[in-house]
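# Structure at a glance
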Amino acid sequence: MKKKIGLLTAALLLTGVLSAGALTTAKAEAILGDLDASRNFSNTDFSAVMTMVTEDPEKGIDKIKVQQFRRDGKDTFLMLFLEPESKKGQGYLRINDNLWFYDPESRKFNHTSMKDSFGGTDAKHSDFRISTLKEDYNVKTVADGKLGRFSVYIMDLKAKNSEVTYPRLKLWITREGHLLLKAEDYSATDRLMRTSLFPKYAKVKNRYIATIMIFVDELVKGRKTQISIANISTKKLPDTIFTKSYVERVNR
Amino acid sequence: MMNIIKIAFRNITRQKKRSILLGSAVAFGVLIIILLNGFTAGLKETMKENFTSLMGGHVYVNGKVVLPSGKIVNMIGDRDILDKALSPIADEIAEVHIRAQSGRSEIIFGSKSTSLLIYGVNWNDEKLLKKTLTVLDGSFKALSDPKAIVLPKKIADKLQVRAGDSVLVRLDTVTGQRNVGDFTVGAITSDPGSFSFISAGYANITYLGELLGLKPGGYQYMNLYLKDINRMDVVAKKLRDELRKTALLEEDTPEDTNNETHQRSMGFMMGGSTTAVKPWKGTKFSVTTLNDVMAPVLQMIRILNMVSLTLFIILLTITMVGLLNTFRMVLIERTREIGTIRAIGMQRKDVRNIFFFEALFLSLAGAAAGLVLALIGMAVGGAVTFSANSNMGIFLLNRHIQFIASVPGILLIIVILLLMTLVAVYLPARRAARLKVADALRTQY
């Protein structure tokens, strides 16, 4: 009996070692690079319509629709609110490393932070700009695993410096195609703050874009946001779109 | 002279209705000006008290440090420099408070959450803060737990927490990382009016500093409670001079002074970080005072005082025109009487003095009535208790409007009133005094 237990323990340990060593750190970092590349549109522009549904135990269900324009080559974006009527015309414009919020009622631009939540949802502004996982994080551990029916790499990432928003991330990336299916964001005190799920992807010009994203707030029970993306286009956008005057003009 | 005073007094009672109407007009003017002055004086003191409690002192020192990435963060890095700069002004200081502050934080209990400004304080040093807070649930003894947090009632009600409950606080470190801390509600305090307009919680500076990513023993702000509040500008200047000898001061660079007013008013409220255009080494200090923070409020109070003074002068002018007309009528009514008393030996100056005394008595009686009514109004207005969640929180002290009746202010109002009365009555009084006895006796009305 003792022999059997010993064999079983050895087998489990061996499996663990193998799974942990399934991917070298260099390969894992290359996958992070792939992930950044697949989520960024360095050579093309990107536009889409996003529908965000936020469930909040206190405020109930809130739905907003946003027109998104991105030019990742210049780390620029514009998000214009289409719905609800009360927010129509408001917009977030990121230009020259600054994020501006425009309110058509006051006709003023106010400076805001990338770390703030987007329009009261569980998404952050930083979720809509270029992805810099490889630049910001070191791979601490990698393990093989399963997420539903998908074989995945489970990567534990540690921020390279104290200025990265989340000090620790845990990612579930498909072995094939290297698509991000799930992410967990941890605080500096190593508490799980947010879980992000990416259950649906669409193929646009040889790349996969997450068309459904779910952000679950792990601190406030029952608060989550689902984002659906439609009308995706990678056609070149006019330069004038990424200007304050466009945001003002589009509201007239 | 006594006879003249007696006659003047008797004359007032001869036309009771007219005297009451005139006196009422004077009383109304005095009532308005004393009430408004009492309100603005109270407002000024309330705001001073509120801001002193909220900011934790009269003189505030904060520092900015540039990270290797160029990002500016709020923290005092060179504590030795600051300690050395404080020694020449040590005699002026009653208490020194070091504080940390979570700029943007959210407090969470189950499925409920709300935003909250949290100050990290050293409970052993913050005796005045403890005096200001009234504990409704829990106790200050619970604050020996480093993870204890003090919440205002408004926040506790919103979250439906009680003393002893565990809550989470989501905040950013000084370098901008997201962080979460576990706290236990140590005490729930009444929104002391003092700062019910801003929901502030208090936590142990060591634990909050740890969550904010400060080094052990680190802090972001040093607030000085002075022995004499009127010395704050002098003390601040001395401290600036001392710091300038060994460290950078915000006013020393033009880009700082350009935005100085904004930074002074907003610097304490927000915990945001920006990127330095021209990075510097060490801590760049800034020294501000309660007067700097309150500058916009004091300006508002000055405007309010000007408005009330203008209103008083308008009301007084209208009343004085009424007084002038009344005494012209009095002159006509009493022409024969004046002729008679002049005929039996009264001097011209005595006739003039009767008019003056009569008008002065009338104004004094009106002023006394106005003063009494104003004091009653202040007592009633000051007794009204406003809701803890009132939007007027900034104007309230312990949920009440504070009125301060200043004796020199009231005396000044009365002196102005009496002088204007004498000016208004001067012409009819002079005419009365100059009446020829024979003409006055011949007059038939």
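Residues numbered from 1 in each chain as written. Chains lettered and ligands numbered in written order. Predicted model: local features only at pLDDT ≥ 70, side-chain atom pairs only at ≥ 80, totals over all residues.

## Examining the overall build of chain B
Summing up its helical and strand segments, chain B has 14 helices and 17 strands in all. When the 445 residues of chain B are sorted by exposure, 41% land in the buried category. Across chain B, every contact between residues at least 6 apart in sequence was considered, and the portion connecting residues at least 24 apart equals 85%. (Helix = DSSP H or I, 4+ residues; strand = E, 2+ residues; numbered from the N terminus. Buried ≥ 20, exposed ≤ 12 C-beta atoms within 10 Å, placed from the backbone. Contact = placed C-beta atoms within 7 Å.)

## Brief notes about the overall build of chain A
If you tally the helices and strands in chain A, you get 4 helices and 13 strands. Per-residue burial for chain A yields a buried fraction of 27% across its 252 residues.

## Here's the deal with unusual backbone geometry
Residue and element names in this part refer to chain A. In this structure, Pro-84 follows Glu-83 across a cis peptide bond, with omega equal to -5 degrees. The backbone of His-178 shows a phi angle near 50 degrees, a positive value even though the residue is not glycine. You can see His-178 is positioned in the loop between strand 9 (168-174) and strand 10 (180-186).

## Section: the pairing of strand 8 (residues 148-152) of chain B
Residues and elements named next belong to chain B. Here strand 8 lies mainly inside the structure; 5 of its 5 residues are buried. Alternating positions in strand 8 separate into two faces, Ala-148, Val-150 and Pro-152 on one and Ile-149 and Leu-151 on the other, with burial throughout. As judged from the 5 bridges shared by strand 8 and strand 10 (residues 178-189), these two strands associate in the parallel manner. Counted as the bridge partner of Val-150 is Ala-187 from strand 10. Relative to strand 11 (residues 200-204), strand 8 runs antiparallel, the two sharing 2 bridges. Bridging from a neighbouring strand, Val-150 pairs with Tyr-202 of strand 11. (Pairing = 2+ DSSP bridges.)

## A short note on the nonpolar core
Membership of the largest hydrophobic core comes to 106 residues, with the highest contact counts inside it found for Val-30, Ile-34, Val-59, Ile-149, Val-167, Tyr-219 and Met-222 of chain B. Sort the elements by how many residues they give to this core and helix 2 (residues 16-55) of chain B lands first, with 14 residues. In this structure, this core is formed jointly by two domains, domain 1 (2-50 + 296-442) and domain 2 (76-247) of chain B, each of which donates at least three residues. By size, the runner-up hydrophobic cluster in this structure holds 43 residues, among which are Ile-31, Phe-77, Ala-123 and Phe-198 of chain A. (Core = buried A, V, L, I, M, F, W, Y, C linked by C-beta atoms within 7 Å. Domains from an automatic or database assignment.)

## Section: the interface of chain B and chain A
If you look at the interface, chain B gives 20 residues, while chain A gives 19 residues. Residue assignment for the side of chain B that touches chain A shows that the elements contributing at least two residues are strand 5 (112-115), strand 9 (166-172) and strand 10 of chain B. Top contributing element to the side of chain B that touches chain A by residue count: strand 10 of chain B, with 4 residues.

## A closer look at helix 2 of chain B
If you check helix 2 of chain B, its first and last C-alpha atoms are 56 Å apart, about what 40 residues at 1.5 Å a residue would give, namely 58 Å. Directly after helix 2 of chain B, the chain includes Gly-56 of chain B, whose backbone phi takes a positive value near 80 degrees. (Expected span 1.5 Å × (residues − 1).)

## Things to note about helix 13 (residues 407-434) of chain B
Residues and elements named next belong to chain B. In this model helix 13 runs 39 Å from its N-terminal to its C-terminal C-alpha over 28 residues, within 8% of the 40 Å that 1.5 Å per residue would give. When the local axis directions of helix 13 are compared, the greatest deviation, roughly 45 degrees, occurs at Tyr-426, which is followed within four positions by the proline Pro-428. Looking at helix 13, one finds that the buried residues are Ile-410, Ile-413, Leu-417, Thr-421, Ala-424, Val-425, Pro-428, Ala-429 and Ala-432. Structurally, helix 13 contributes buried residues whose contacts are with helix 2, helix 10 (290-333), helix 11 (335-343) and helix 12 (348-383). (Bend = angle between axes of the 7 residues up to and from the residue.)

## Description of the packing of helix 1 (residues 2-14) of chain B against helix 12 of chain B
All names here are of chain B. Running from N to C, helix 1 and helix 12 cross one another at 50 degrees; their axes reach a closest spacing of 8 Å. The pairing of helix 1 with helix 12 is recorded here as oblique in orientation. Helix 1 and helix 12 meet at a crossing whose hand is right-handed. Contacts between helix 1 and helix 12 involve Ile-4, Ile-5, Ile-7, Ala-8, Phe-9, Asn-11 and Ile-12 from the former and Asp-350, Asn-353, Ile-354, Phe-357, Glu-358, Phe-361 and Leu-362 from the latter. (Axes fitted to C-alpha atoms, helices over the stretch in contact; angles between N-to-C directions. Parallel < 35°, antiparallel > 145°, perpendicular 65-115°, else oblique. Left-handed = near helix turned anticlockwise from the far one by under 90°.)

## Structural notes on the environment of Phe-109 of chain B
Residue and element names in this part refer to chain B. Mapped onto the elements, Phe-109 comes out in strand 4 (residues 105-109). Judged by the 20 C-beta atoms lying within 10 Å of it, Phe-109 is buried. Sequence separation between Phe-109 and Asp-165 is 56 residues; the distance between their C-alpha atoms is 8.6 Å. Residue contacts for Phe-109: discarding those within four places in its chain leaves Leu-159, Val-161, Asp-165 and Val-167.

## Some thoughts on the pairing of strand 1 (residues 46-56) of chain A
Residues and elements named next belong to chain A. Sheet analysis places strand 1 next to strand 2 (residues 60-71), joined by 11 bridges and oriented antiparallel. Directly across from Asp-56, in strand 2, lies its bridge partner Gly-60. Connecting the antiparallel pair strand 1 and strand 2 is a turn made up of 3 residues. Pairing of strand 1 with strand 13 (residues 224-233), which is carried by 8 bridges, proceeds in the antiparallel orientation. Looking at strand 13, one finds that Thr-54 is bridged to Thr-225.

## Points about the packing of helix 10 of chain B against helix 13 of chain B
Residues and elements named next belong to chain B. Running from amino to carboxyl end, helix 10 crosses helix 13 at an angle of 25 degrees, the nearest separation of the two axes being 9 Å. Taken together, helix 10 and helix 13 sit at an angle that is classed as roughly parallel. Of the two elements, helix 10 crosses helix 13, and the hand of that crossing is right-handed. On the side of helix 10, the interface is formed by Leu-316, Met-320, Leu-323, Leu-324, Phe-327, Arg-328, Val-330 and Leu-331, while helix 13 contributes Leu-417, Met-420, Thr-421, Ala-424, Val-425, Leu-427, Pro-428, Arg-431 and Ala-432.

## Describing the confidence of the model for chain B
Residues and elements named next belong to chain B. Averaged over chain B, the pLDDT score is 84; the fraction of residues at 70 or greater is 90%. Strand 9 holds the highest mean pLDDT among the elements of chain B, 94, whereas helix 9 (residues 260-266) holds the lowest, 39. Here residues 252-273 scores under 50 on pLDDT; set against residues more than four positions off or in separate chains, the count is 25 contacts. (pLDDT = per-residue confidence, 0-100.)

## A few points about the environment of Thr-317 of chain B
Residues and elements named next belong to chain B. Note that Thr-317 resides in helix 10. Judged by C-beta crowding, with 13 C-beta atoms within 10 Å, Thr-317 ranks as partly exposed. Sequence spacing of Thr-317 and Met-420 is 103 residues, and the spatial spacing of their C-alpha atoms is 8.3 Å.

## Quick word on the confidence of the model for chain A
Per-chain confidence: chain A averages 83 in pLDDT, with 85% of residues scoring 70 or above. Every residue in residues 1-21 of chain A scores below 50 in pLDDT, and together they form 4 contacts with partners more than four places removed in sequence or on other chains.

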